[in-house]
Amino acid sequence: MDECQSAIPAHDGDLHVVAAAHHIVKALGTTKNLSDDLRKILIDLDAHLSLITSNIDSKGGKGFVEVEERLKRVERKIVIWESDRIMIWDSGPKEASDYLEAVDEVQTLIDSLRGLSMNENQKQKELLHRASSLLQMAMSRLEEELIHMLVKHKQQSEPTYIPSPSSQRNVVYNESVVSLDNESAKEASSKNSCSDECGEYIVDLVPEHVIPDIKSIAKVMFASDYSQEFCEAFIGARKEALEQHFDILENGKLSIEDVLKMEWCSLSTEMNKWTWSMKIIFGVYLMSEKRLCDQVLGEFGSVNSFCFLEIAKTTILCLLNFGEAIAMGPQEPEKLLRLLDMYETLADLVIDIDALFSEDGGSFVRLEFHKLLEGLADSIKAAFNVFGVAVSSNGSLYPFPGGGVHPLSKYVMNYISMFPEYCSTLNLLLEDQHSDVASLVSEPQCGPTASLSTSCPMACHLRSITSSLESNLHKKSKLYKDEALQHIFLMNNLHYMVQKVKGSELRPFFGDEWIRKHNAKFQQHEMNYERVTWSSVVLLLKDDNPGSSSLSKSAFKEKCKGFSVAFEEVYKNQTSWCIPDPQLREDLRISTSLKVVHAYRTFLGRNPAHVDDKCIKHTVEDVEKLLLDLFEGSPRSLRNSRRMMKT
């Protein structure tokens, strides 16, 4: 065709050939069922042959009359829309089709005029300039139409495409979970997850019926060497749409310095938002954005991946910056669950990220996210180690009031009860430290006969942490001057640990042997409490002369007085002591009652002659009722005891 454009017939015979070719092309153009591409070729060829004829005629003085007429016709079709600000594609498919045909015609005339030798032909130069100006006008209008189309038909999608998991991971604690630093109560961290699997959730960011219109504009602008203008308009509109979706997720555009300065409460919220945003942005929006780019620009080669990268770049950099700031920041224990959420989310998305940015231009995105994954892994291991050290070193200057469950026990047990959710990840990340930790844990679960659950790296690390907790609790128990209260404190806390293991997903990782062993531990403290507290009280009722039938009245009276004083002293102290677990409290009351009430009843039964109100301050029934006041955590005197309130 290039030869046809540049060669000008010089003889009459050549003119007949051109005329015959022109006739054949027009005849072929009337054939039905032609493909769009073939029809376009025939139209272009018809135009070229017309120009050749016109050029020949110009040598004979006729000039470029036909070319100018054709240019005037398309000029009217294009210029008329410049005075009418109604958008062409809003006016209907026929108007849009007519406009595109007019643009095609202009491009055809330009190509043909450029293909002819100028030979200092001023008319030819004038027509070429007019056609080029008209094409530039049309391209500017198509750019406006493209932006309008993308903005108008932008899907206002809320980030709800990833379904909720069948089993909710969110946990609400009845007990308080406390900071290791100040032991102040605070709400437990919960794992907020929108899905166990990110997967691909592709949605229509632009309605399907609009795609052909966008592609038709792309084809015309690319064919007219206005690909850069098309890409800039397309990137600008889609980038703005993506950033609006990102804003819906309420992610602040934070610098690394901003993140490093944030207080934990705000930082925890931002880390949670990041996890959710990664799943939505990469699992939904960028997958969908890539499909839109493929649909519109798939046939234009590397332009497709370039546009997609430019659309996504700003949002990706925001997510990367935040992740990198978290990975490089100080790794306090409270960050551990949020770090695990971030790591697992990114690990699930890495394959998708590699696929989305598989071309060379997107290699930096792949590399940065892989580096971030490694950085988060290192942060998790560091935070886990800091957590263990913090449990061991947590100190107290004063004994915990009432001997109840210490806030440290609540914090540790509530916190580690979340870890089974992350078993696979923790086993992977803690593997290199497994042998060192396993050697420090004395329980047999880490031995060669252990099950897979109890011998995995995470299980041994968890038992190591609870072992550190036990050691710390023993140190804290020494702060009590009363030996009996030491045993109450250890009984409460060991019982709490056992109940937390038994009643959660921790059980498979600790094993039944651990539970039996720790049941025995808190039961031993229960027995030690009874021995330290009540043995001396009951001993006051012991008969000094086992062979005699009864005591003298003075001896009886003295023993009753000694018992009453000792019992009242225990009552005054131990009503302020606390056993939070109702069943444990009831069990200890029953056990105490069996020991004390039985001894008191037996003592009185051996001395019936002296039993009267003057000698006995407390009846057996009084003692039974008063024992019910113990371990409620609120001090009582005999004046406001249950017995006194009922009499």
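The preceding data block contains the structure.
What you see is a predicted model; the values in this text were computed from it and never measured.

**Student:** I would appreciate a short explanation of the nonpolar core in the present structure.
**Tutor:** Ranked by internal contacts, the top residues of the largest apolar core, which has 168 residues, are Phe-230, Phe-282, Phe-357 and Phe-419. Examining the composition of this core, we find that 15 residues originate from one element, helix H11 (residues 264-297), more than from any other. Setting aside residues up to four positions removed in sequence, Phe-357 forms contacts with Phe-282, Leu-286, Phe-308, Leu-309, Ala-312, Ile-316, Gly-362, Ser-363, Val-365 and Arg-366.

**Student:** Help me understand the pattern of salt bridges, please; the structure alone is not making it clear to me.
**Tutor:** All chains considered together, the criterion is met by 22 salt bridges. The partner of Lys-313 in a salt bridge is Glu-310, and the shortest N-O contact between them spans 3.0 Å. Taken as a pair, Lys-313 and Glu-310 lie in helix H12 (residues 302-328) at a separation of three residues, close to a single helical turn. By relative accessible area, which is 28% here, Lys-313 ends up partly exposed. Classification of Glu-310 by relative accessible area gives partly exposed; the value is 23%. Residues Arg-516 and Glu-513 are paired through a salt bridge, measuring 3.0 Å at the closest nitrogen-oxygen approach. Of this pair, Arg-516 and Glu-513 are both found in helix H21 (residues 507-539), three residues apart, which corresponds to roughly one turn of the helix.

**Student:** Can you help me understand helix H13 (residues 336-356) in this one?
**Tutor:** For an α-helix, 3.6 residues make a turn, and residues three or four places apart therefore share a direction. Its 21 residues place the ends of H13 29 Å apart at the C-alpha level, agreeing with the 30 Å of an ideal helix rising 1.5 Å per residue. Approximately 45° is the largest bend angle found in H13, and it occurs at Val-350. With 16 of its 21 residues buried, H13 lies for the most part within the structure.

**Student:** Mind showing me how you'd approach the side chain of Glu-270 here?
**Tutor:** Looking at the element boundaries, Glu-270 is found in helix H11. In this structure Glu-270 comes out as buried when scored by relative accessible area, which is 13%. Apart from the residues within four sequence positions on either side, Glu-270 is in contact with Gly-252, Leu-254, Met-262 and Phe-322.

**Student:** Can you walk me through the packing of aromatic side chains in this structure?
**Tutor:** For any pair of aromatic rings, the description consists of the separation of the ring centres together with the inter-plane angle of the planes. Counting across every chain of the model gives 18 aromatic pairs. With centroids separated by 5.9 Å and ring planes inclined at 10°, the aromatic side chains of Phe-230 and Phe-234 adopt a geometry described as stacked. In this pair, Phe-230 and Phe-234 both sit in helix H9 (residues 227-248), four residues apart, roughly one turn of the helix. Residue Phe-234 is classed as buried on the basis of its relative accessible area, which comes to 0%. Their ring planes at 10° and their centres at 5.2 Å tell us that Phe-556 and Phe-603 sit as a pair that is stacked. With a gap of 47 residues between them, Phe-556 in helix H22 (residues 553-574) and Phe-603 in helix H23 (residues 582-606) connect regions that are remote in the sequence. Each member of the pair, Phe-556 as well as Phe-603, carries the same accessibility label: buried. Three or more aromatic residues link up through ring pairs in this structure, and these residues are Phe-384, Phe-387, Tyr-411, Tyr-415 and Phe-419. The ring of Phe-308 carries the charged tip of Lys-290 above its face, separated from the ring centre by 6.0 Å.

Reading the values: the criteria
- Residues numbered from 1 in each chain as written.
- Predicted model: local features only at pLDDT ≥ 70, side-chain atom pairs only at ≥ 80, totals over all residues.
- Heavy atoms only, no water.
- Core = buried A, V, L, I, M, F, W, Y, C linked by side-chain atoms within 4.5 Å.
- Buried < 20%, exposed > 50% of the residue type's maximum accessible area, 1.4 Å probe, protein only.
- Helix = DSSP H or I, 4+ residues; strand = E, 2+ residues; numbered from the N terminus.
- Contact = heavy atoms within 4.5 Å.
- Salt bridge = Lys/Arg side-chain N within 4 Å of Asp/Glu carboxyl O.
- Expected span 1.5 Å × (residues − 1).
- Bend = angle between axes of the 7 residues up to and from the residue.
- Phe/Tyr/Trp six-rings, centres within 6.5 Å; stacked < 30°, edge-to-face > 60°.
- Lys NZ or Arg CZ within 6 Å of the ring centre and 35° of its normal.

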